[in-house]
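What the coordinates show
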Amino acid sequence: MGHQLKMEEKLKPMDSEQLRECGHKMVDFIADYYKTIEDFPVLSQVQPGYLHKLIPGSVPDRPESLEDVLDDVRNKILPGVTHWQSPDYFAYFPSNSSTAGFLGEMLSAGINIVGFSWVTSPAATELEMIVLDWLAKILNLPEEFLSSGKGGGVIQGTASEAVLVVLLAARDKALKKAGKHSLEKLVVYVSDQAHSSMKKACQIAGIHPENCRILKTDPSTDYALSPDVLTDAITRDLSTGFIPAILCATVGTTSSTAVDPLVSLAKIAKSNSMWFHIDAAYAGSSCICPEYRHYIDGVEEADSFNMNPHKWFLTNFDCSALWVKDQNDLTQSLSTDPEYLRNKASEANLVVDYKDWQIPLGRRFRSLKLWMVMRLYGLEGLQSYLRNHISLAKLFEDLVHQDSRFEVVTPRKFSLVCFRLLPPIKKEDGDHVNKLNRELLDAVNATGKIFISHTVLSGKYVIRLAVGAPLTEERHMIAAWKVLQENADVLLSTSDNFFVARVARISSVMFTHQIARPARVSIYEVSSLFVRMQSKRRERTRQGIFMAVRKVYGSLDSPDTLKVMATLLEHDLDFKFVPVDVAAGEHKKKSFLSMSPFGSLPVYDNEGFKLFESRAIVRSMAHGEAKEEVELIFWEPKKQAVVANWVDVEDHQFEPPALQLINELIVKPQMGLAPNTEVVAKAETQLAAVLDIYEAQLTKLKFLAADKYTIADVIHLPNFQSLVETPARKLIESRPHVNAWCNKILARPAWQKVLQMRVAETTEAIK
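Here's a quick rundown of the structure. (Residues numbered from 1 in each chain as written. Predicted model: local features only at pLDDT ≥ 70, side-chain atom pairs only at ≥ 80, totals over all residues. Heavy atoms only, no water.)

It is worth spelling out the overall build of the protein chain at this point. Along its length, the protein chain carries 25 helices and 17 strands. Contacts in the protein chain between residues far apart in sequence, at least 24 positions, make up 72% of those at least 6 positions apart. Carbon and sulfur atoms form 54% of the exposed surface of the protein chain, whose accessible area is close to 35,500 Å². (Helix = DSSP H or I, 4+ residues; strand = E, 2+ residues; numbered from the N terminus. Contact = heavy atoms within 4.5 Å. Areas by Shrake-Rupley, 256 points an atom, 1.4 Å probe, with all protein chains shown as cover.)

Dropping the structure here:
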C-alpha cells in the first residue's frame, strides 16, 4: 500500500510519493473541470479587480493544504476564467487542448529541462528537429525546409515571436547588402488584414513605424492582398530611394481567414530581392488535408513559413512551428557565444543550438507534446478532427444563410464564419448597422452561453464565429445559433424601426398588413393577426399565438381558419377565395381591383410585395398553395367590420414603448440582466401618452376604432397580456376605460383558449 500524505505532513520540495498523491488529485480536479466545463459562463462575468478582494495581499506564513488551494481555484479563480476549451467558445481563434497535448505538457514539466543548446539535453534538440520534419512532410513543404538540408524548423512560443525573428533575419540580410547605415530606408509590406504582430516586430527591430506599409484590401479580392497594390507600393518606394526588405503574406487572416495569392506575391518578392514570409498561424493546420493544401501553393518560393499547432492541431499552448530555408540567416542575427556556454559539440558545428534561433536563451521541452499528439492521434485522426470543425462551420454558415435578417459577409474557407445582423430598413446608415451588431455581440456574450468576437471589414462591424474547440459538436452549433437568433429578436423588437420590416412567410400562408401614410408607405411585418415574429423560419414561430390558433382550430391554409379569426373578432363573415393569374396580368385589371370595397389590393409575387394605387387601406391577405399557374389566392371579407381604422390607431405608436417595457421588465430579468431604469421611465412616459388617446377614444367608442371588436383591438393583446404582469400595469389601471377594455378582451373565452395554448407552446420551447 502506497504512502499516504497526511494532513499534518508538510509538502516537500520534491518527493515521488507526494507527487504521485497530489498529482492524482490534480488530474482528478482537471478531469472534473472538463466534465463540467459547459456549466460555466464561457466568458468570465467578473468585474476588474474582483480577485484583489478575494485573495490576501501577502504570502501565507504557514504552508496551506492542496485541498484549500484547489477550493480557492474552484471558488475564486475559475469564476474569473474565460473558458477557451469550452465547446461553446467561438471567439478569436481556437487554442487547442487535448489529452495527448496535456500528457506531453505533464511530461515536459516533469522532466523540466532548459534546452537552449544540444548539450543541455540532446533529446530535446533532436526530437524537435524530427517532429518538425514530420510536420513539414505532412504539410508537403519543400525539402529546403527540412533539417537534412540548409534549413530546418524550430518551435517558437507564438507566431509573434516567429515573425520577429524572421524580420530580424530579413533586416540584417538587407543591411548586409545595402550597408549598415541603411536601416531607415528598409520597408516592410503587409496587408491591412495581417496580424498586428508585424507592426510590433518593426518597433522592436528598429524599423521606422512609417516604413511598415500596411496595404489596403477590399471585398473584390475577399480581403486578400492584391499583387497590383503591392507592385504599386514597391514602385513608389523604389522611386524615392527606399529598400524593400520583407513581404509577409497571410494564409487565413485573423479577421476573415483571407488567403493572399502566394504564387503571385512570391514572384514580386523574388524580383525585388525581398524576404518572403508566410504566416499561416491558424489555417496552416488544415493544409495537412489534401483538399486544403492548395492554399499554401507558392510556399516553395518562401524564405520562411509559420503555423501554430497550439491553435488548431490539438497541441496545448504554447507551440508555434517556424521553418526557414537557410538556418544561417537566423543564427547570424541571433547567435551569441559567451564563454560559459561553449562546448565541444557546438564548436565543432556538429549540432543545432536552438538558442540561436530565438529571442530568449532558455527554452522548454515543447517538442514532447507535439510528438505525442502526432503519435497518439495519427495523421488520419488529425485530418478527421480538422474536417469535422470545417463541416460544423459550414453548418453554421448554412443556418445564417437561411435567416434573411442576417448576411454572411465573406466567403467561408475554413472554420470561421463572418456575418452580421441586418437592420429592418435596408438603407439605414452604416453607423446604425454597426451599433446594432455591437449590441448583439454584447448581448450574446453577456448570456455566458457562448463567446464570440468581432472585426471590422470595410467599415462594417462584423461578428466572427470560429469553430475549433475539441469538445464542440453539432448540438453546440445549433444552440449557438439559437442564442444569436433570440438576442436578435429582442434587439429588433425594441428597435425604433421595428415596424418597418421584412415580409415574413409562415408555412404556405402569409398574413400582412399594408398601411399608406402621408408621404410614406411602409410594410409592417405581421406574421399573424396576433403577434409579430421577426423570423421567417417555421420553427421560430412555434411560440407565437398563430401556431396556437392552428393547433386549436385547424390548418392555416383552410378557409375555416379565417372564419375562426372572424369568430374571435365577434363577426360572422363569409370569405371568398379568388385565384389570380399573375403571368397574364390579371392582378392589374380594374375589375379585379374593384372587387375590394376598400380600394386597391396589395399583391405579393416572386419579386416581393407590391402596392397598386393603395390609399390608407388595411387588408389581410392569404398567400396559399395552388396550382403552379395560379400564383395567388386572395380572400375578401364581404363586410368591412373585420377591418378597423388601423391607421388612426397605429399612428399613436403603442407598440414601440410597450415592447421596450416588455424587454426591460420581462426579457432582461429572464436573462439575468437588470432593467435600465432610464429606458423604463422614458417608455412609460411614451406609453402613457398613447393610453391617454385610447382613453379618450374609448370614452366615445366601445372599442378602439369601432363599435365592434376588431383587428385594432386584437393586435395589441399579446403586449397587454404581458404588461399587466409587470409594474407597468399601473398605466392601464389608472385609466378606467382602457382598464375595462383590456379586462374585457383578455377575459374572452376564445382568447383564453388561444392564450392557454400559447403558454403550453412556450413552456415546451423553453424545455
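Let us look at the pairing of strand S11 (residues 460-466). When a strand is regular, its side chains alternate between the sheet's two faces. Counting buried positions over the 7 residues of S11 gives 6, a clear majority of the element. Here strand S9 (residues 416-421) pairs with S11 via 4 bridges, running antiparallel. Bridge pairing in S11 links Leu 416 to Ala 466. Where strand S10 (residues 453-457) lies against S11, 5 bridges are found, and the strand directions are antiparallel. (Buried < 20%, exposed > 50% of the residue type's maximum accessible area, 1.4 Å probe, protein only. Pairing = 2+ DSSP bridges.)

To continue, consider the pattern of salt bridges. Tallied over the full model, the rule gives 34 salt bridges. Arg 405 serves as the salt-bridge partner of Asp 489, at 2.6 Å between the closest nitrogen and oxygen. Of this pair, Asp 489 sits in helix H14 (residues 474-493) while Arg 405 sits in the loop between helix H12 (367-402) and strand S8 (406-408), and the two are 84 residues apart along the sequence. In terms of burial, Asp 489 and Arg 405 fall into one category: buried. One salt-bridge network, in which partners are shared between bridges, spans Glu 105, Asp 318, Arg 364, Arg 366 and Lys 369. (Salt bridge = Lys/Arg side-chain N within 4 Å of Asp/Glu carboxyl O.)

Before going further, it helps to examine the nonpolar core. Of all hydrophobic cores here, the largest spans 70 residues; its most connected members are Phe 276, Phe 305 and Trp 323. A total of 8 residues in this core trace back to one element, the largest contributor, which is H12. Once residues within four sequence positions are removed from consideration, Phe 276 is found in contact with Leu 247, Ala 249, Leu 262, Leu 265, Ala 266, Ala 269, Gly 298, Glu 301, Ala 302, Asp 303 and Ser 304. Ranked by size, the runner-up nonpolar core spans 33 residues in total, among them Ala 169, Val 190, Ala 201 and Cys 212. (Core = buried A, V, L, I, M, F, W, Y, C linked by side-chain atoms within 4.5 Å.)

A few words now on the environment of Leu 386. Within the secondary structure layout, Leu 386 lies in helix H12. Judged by its relative accessible area of 0%, Leu 386 falls in the buried class. Sequence spacing of Leu 386 and Ser 285 is 101 residues, and the spatial spacing of their C-alpha atoms is 7.9 Å. When neighbours within four sequence positions are excluded, Leu 386 is seen to be in contact with Ser 285, Ser 286, Ile 288, Cys 289 and Trp 312.

That is the geometry; function is a separate question.
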